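Residue strings, one per chain:
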Amino acid sequence: TCYYWLHVHAQNQDVIHIESPSTEQFVLGQFINEWNQQFNSLGFPSQLLLSKGWTIWVNGHQYNGSLDSVPLAAHNLITIAFNSPNVKPDTTYNWNGL
């Protein structure tokens, strides 16, 4: 059995959970690498490995860094779109106690 500090649960796969014994700053690139290397069979989209074509928002504000550098923090709403110019970023989410 292996436990990953960055993971999702079956009931809310659109939420990345951070459960770490350290207080380090995690980034989306760490989760993407973990997913690609360990859980590729669960439907890893190969576009996540591309460095261009992404539009990224964090909490409704456009993020100008790379996909790999998006900061993960409690209750951050991250919207990513690949070559999709008409996407509106998420600004609300029902956390249901998370």
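Here's what I pulled together on the structure shown here. (Residues numbered from 1 in each chain as written. Predicted model: local features only at pLDDT ≥ 70, side-chain atom pairs only at ≥ 80, totals over all residues. Heavy atoms only, no water.)

1. Looking at the overall build of the chain
And step 1. A count of helices and strands for the chain gives 1 helix and 7 strands.
And step 2. Of the regular secondary structure in the chain, the N- to C-terminal order runs β-β-β-α-β-β-β-β.
And step 3. Against the compact-globule benchmark of 13 Å for 98 residues, the chain has a radius of gyration of 14 Å, which places it among compact chains.
And step 4. With the C-alpha coordinates of the chain rotated into their principal frame, the extents come out at 40 × 30 × 25 Å.
And step 5. Among the 98 residues that make up the chain, the fraction classed as buried is 24%.
And step 6. Once local pairs closer than 6 in sequence are excluded, the contacts in the chain between residues at least 24 apart make up 41%.
And step 7. When the accessible surface of the chain is split by element, carbon and sulfur atoms take 50% of a total near 6800 Å². (Helix = DSSP H or I, 4+ residues; strand = E, 2+ residues; numbered from the N terminus. Rg over C-alpha atoms; globule rule 2.2 N^0.38 Å. Buried < 20%, exposed > 50% of the residue type's maximum accessible area, 1.4 Å probe, protein only. Contact = heavy atoms within 4.5 Å. Areas by Shrake-Rupley, 256 points an atom, 1.4 Å probe, with all protein chains shown as cover.)

2. Structural notes on the pairing of strand 4 (residues 54-58)
And step 1. Buried residues dominate strand 4, accounting for 4 of its 5 residues.
And step 2. Sheet topology note: the strand 4/strand 7 (residues 78-82) ladder contains 5 bridges and is antiparallel. Along strand 7, the bridge assignment pairs Thr55 with Ala81.
And step 3. In terms of strand pairing, strand 4 meets strand 5 (residues 61-63) through 3 bridges, oriented antiparallel. Considered in strand 5, the bridge of Val58 is made with His61.
And step 4. Following strand 4, the chain reverses through 2 residues before pairing antiparallel with strand 5; Asn59 in that reversal takes a positive phi of roughly 55°. (Pairing = 2+ DSSP bridges.)

3. Quick look at the sheet that holds strand 4
And step 1. Taken in spatial order, the 3 strands line up as 5-4-7 in an open sheet, and their pairing is antiparallel. Here the strands that pair on one side only, and so sit at the sheet edges, are strand 5 and strand 7. Each strand of the sheet is rotated relative to its neighbour by a mean of 30°, with strand direction disregarded. (Axes fitted to C-alpha atoms, helices over the stretch in contact; angles between N-to-C directions.)

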